[in-house]
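Geometric and topological summary
Chain by chain, the residues run as shown.
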Amino acid sequence: MSEAVLPRLTVIGTGYLGATHAVCMASLGYDVLGLDVDANKIKKLQSGEVPFFEPGLPELLAKTMESGRLRFTTSFEEAAAHGDVHFVCVGTPQQPGSDACDLSYVDAAIRGLAPYLTRRSLVVGKSTVPVGTAERLTGMLRELAPAGDEVELAWNPEFLREGFAVDDTLRPDRLVFGVASDWARDQLTASFQPILDLGTPIVVTDLATAELVKVAANSFLATKISYINAMAEVCEATGADVRDLAKALAYDDRIGGRFLQPGLGFGGGCLPKDIRAFAHRAEEIGVGQAVSFLREVDAINRRRRSRTIDLVRELLGGQLDGKRVACLGAAFKPNSDDIRDAPALDVARTMHGLGANVRVYDPAALDNARRAYPELRYGTSALDVAQDADVVVLLTEWAEFREVQPSALAAVVKHRRIVDGRHALDAEVWRAAGWEYRALGSP
Ligand code: UDX
């Protein structure tokens with residue numbers, strides 16, 4: 001495909017999803033303009049700084065900025081003038097005090113952009129939204145855009161995982177194009193040509209199906225995690241070992257071992273709020289029963305957090321108050337600085353609330369954690385927070401925590417007691433080194 005026919009792209013919202021999408025598309029040869037209403041974020045990106053932790057992204061940002069194909073702005077007018085295809089990548093968090101999805105950022109993006117759309121263009125939603133949103137936004141666009149019916153809406157859900165965002169964007173498992181016309185499909189095809197050329201499978205659907213694919217995928221993953229964690233609860237009551245159980249299940253190709261890792265459960269900016277918003281939306285449209293199991297998936301997930309605290313309390317002889325607790329991990333998963341709905345910090349804060357003297361260390365998420373929870377105490381390394389600890393609790397399975405030597409940790413703690421909230425350590429090795437070792441779902 002020649003450069004001349006490549007559509008010019010804009011990316012509205014430059015968080016984890018949008019910044020990655022903008023940088024990756026520019027790296028593929030597209031002329032990209034990224035927009036955010038947060039002037040600080042735009043300033044950082046313009047100066048070549050990624051405002052969050054994502055391996056590989058800073059290097060790719062530097063390279064694409066040099067190419068001149070990637071610029072940033074806070075002006076919707078400029079974005080409308082630049083783009084043939086506008087990707088909407090803003091956040092859709094959970095509404096405070098409700099399970100519903102907060103669509104105010106999506107609505108604001110459409111309201112900001114539409115009045116400047118004076119020519120034929122395609123607006124593409126990438127954010128995770130309740131089914132039916134695209135239909136509503138189509139009406140909004142047509143009403144507000146001077147170009148009226150010339151402006152179309154499509155939905156192209158994004159499946160990237162934090163920590164692997166660049167690779168997931170450049171080499172996705174599949175592309176889903178939710179479209180209402182052949183023209184929209186052709187525009188999307190032109191916008192992803194280099195990725196399609198890799199042989200990436202593509203599924204073309206209507207708008208509602210494309211919206212649903214994303215929540216259905218995340219619900220499935222959350223269900224799989226909660227399934228093995230429910231088995232952990234059964235193991236706890238019977239003396240069985242969920243680690244071996246998971247291993248045995250994983251050999252069955254039909255089940256597979258991915259997302260079958262038992263432990264403290266899922267968190268982050270997607271899985272928890274997506275299953276809640278899905279259940280909420282399903283209830284709204286009268287099919288709540290079909291996904292009522294998602295409420296249970298959520299409940300199982302939350303119980304893992306309290307069970308982890310129970311294990312700590314048991315190791316401490318029944319009393320958390322006044323005890324020194326070293327927490328390894330704050331991020332919702334390794335290779336991320338994201339603390340949204342992070343199980344690790346939830347556990348740390350609850351133990352702090354119960355009177356424990358909690359110190360937290362995380363290789364990437366400390367700044368975010370400090371800002372959000374200034375009441376907690378933080379340290380500079382695993383060994384630092386473990387000084388004189390009555391118990392160590394591994395909450396996020398960073399590689400550097402897996403590599404900690406039992407003898408090195410033993411040299412600084414007060415008592416050799418460890419709760420492995422992620423099944424990240426070798427129980428036998430730690431027990432052989434004189435540690436009292438406990439893990440969820442294992443004897
Ligand atoms: C997820 C989806 O994977 C991605 O496709 C979607 O676009 C956004 O939501 P992400 O939130 O980045 O991505 O994290 P993911 O790697 O999916 O992990 C989610 C959570 O599940 C983490 O808290 C992780 O610790 C937990 N998890 C994962 C488990 O507890 N057990 C597992 O076996 C796997």
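Residues numbered from 1 in each chain as written. Predicted model: local features only at pLDDT ≥ 70, side-chain atom pairs only at ≥ 80, totals over all residues. Heavy atoms only, no water.

Describing the overall build of the chain
A tally of helices and strands in the chain yields 19 helices and 14 strands. The C-alpha atoms of the chain give 24 Å as radius of gyration, which agrees with the globular expectation for 443 residues (22 Å, within 12%). By its C-alpha atoms, the chain is 70 × 50 × 40 Å across when sized along the principal axes. Looking at the chain as a whole, 54% of its 443 residues qualify as buried. By sequence separation, contacts in the chain at least 24 residues apart represent 73% of the contacts at least 6 residues apart. Accessible surface for the chain amounts to roughly 18,600 Å². Of this, 51% is attributable to carbon and sulfur atoms. Each charge class in the chain can be summarised by its mean position, and for the 49 positive and 60 negative side chains these summaries are 4 Å apart. (Helix = DSSP H or I, 4+ residues; strand = E, 2+ residues; numbered from the N terminus. Rg over C-alpha atoms; globule rule 2.2 N^0.38 Å. Buried < 20%, exposed > 50% of the residue type's maximum accessible area, 1.4 Å probe, protein only. Contact = heavy atoms within 4.5 Å. Areas by Shrake-Rupley, 256 points an atom, 1.4 Å probe, with all protein chains shown as cover. Lys, Arg positive; Asp, Glu negative; His and termini not counted. Charge placed at Lys NZ, Arg CZ, Asp CG, Glu CD.)

Examining the environment of Val 176
When you line up the elements, Val 176 lands in strand β7 (residues 175–178). The class for Val 176 is buried, based on a relative accessible area of 2%. In this structure, Val 176 is in contact with Trp 155, Asn 156, Pro 157, Phe 159, Val 203, Thr 205, Ala 210 and Val 213, ignoring residues within four places of it in sequence.

Regarding the site of the ligand
Taken together, 20 residues surround the ligand, and among them Phe 159, Leu 160, Glu 162, Gln 261 and Lys 333 come closest. One nitrogen or oxygen atom from the main chain of Glu 162 is found 2.8 Å from an oxygen atom belonging to the ligand. Within the contact set of the ligand, an oxygen atom lies 2.9 Å away from a backbone nitrogen or oxygen of Gln 261. Burial of the ligand by the protein chains amounts to 91% of its free accessible area of 670 Å². In terms of residues, the shell around the ligand owes the most to one element, helix α10 (residues 207–238), which gives four residues. Here the residues of the shell around the ligand are counted per class, giving 10 nonpolar, four polar and six charged. For the shell around the ligand, the domains that each give at least three residues are domain 1 (3–205) and domain 2 (220–439). (Near = heavy atom within 4 Å. Polar contact = N/O pair within 3.5 Å; in protein donor to acceptor, adjacent residues only side chain to side chain. Nonpolar A, V, L, I, M, F, W, Y, C, P; charged D, E, K, R; others polar. Domains from an automatic or database assignment.)

Digging into the domain arrangement of the chain
Assigned domains within the chain: domain 1 (3–205) and domain 2 (220–439). The centre of domain 1, based on its C-alpha atoms, is set 33 Å off from the matching centre of domain 2. Summing both partners gives a buried area of about 1,400 Å² for domain 1 against domain 2, and 51% of it is carried by carbon and sulfur. Taken as a group, Phe 53, Asp 99 and Glu 162 account for 40% of the area that domain 1 buries against domain 2, more than any other trio of residues on that side. Put simply, domain 1 and domain 2 have two salt bridges between them. In this assembly, domain 1 and domain 2 are joined by 10 residue pairs in polar contact (both at pLDDT 80 or more). (Buried area = accessible area lost by both parts, 1.4 Å probe. Salt bridge = Lys/Arg side-chain N within 4 Å of Asp/Glu carboxyl O.)

Some details on the nonpolar core
Counting residues in each nonpolar core, the largest one holds 56 residues, and the members touching the most others are Val 325, Met 351, Val 392 and Leu 409. Each residue touching Leu 409, except ones within four places of it in the same chain, is listed here: Ala 382, Leu 383, Ala 386, Val 392, Val 404, Ile 418, Trp 430 and Trp 435. Membership of the second largest hydrophobic core comes to 40 residues, among which are Ala 19, Leu 45, Leu 175 and Phe 177. (Core = buried A, V, L, I, M, F, W, Y, C linked by side-chain atoms within 4.5 Å.)

Considering the packing of aromatic side chains
Under the definition given, this model contains six aromatic pairs. Judged by centre distance (5.8 Å) and plane angle (80 degrees), the rings of Phe 87 and Phe 192 are edge-to-face. Of the two residues, Phe 87 is situated in strand β4 (residues 85–88) and Phe 192 in the loop between α8 (182–191) and α9 (193–196); the sequence distance between them amounts to 105 residues. The exposure class of Phe 87 is buried, given its relative accessible area of 0%. Judged by relative accessible area, which is 3%, Phe 192 ranks as buried. Ring centres of Tyr 361 and Phe 401 lie 6.0 Å apart, and the angle between their planes is 70 degrees; on these two criteria the pair is classed as edge-to-face. Of the two residues, Tyr 361 is situated in strand β10 (residues 357–361) and Phe 401 in helix α17 (residues 399–402); the sequence distance between them amounts to 40 residues. For Tyr 361, a relative accessible area of 9% gives the class buried. The rings of Phe 87, Phe 177 and Phe 192 are connected pair by pair, giving a single aromatic cluster. (Phe/Tyr/Trp six-rings, centres within 6.5 Å; stacked < 30°, edge-to-face > 60°.)

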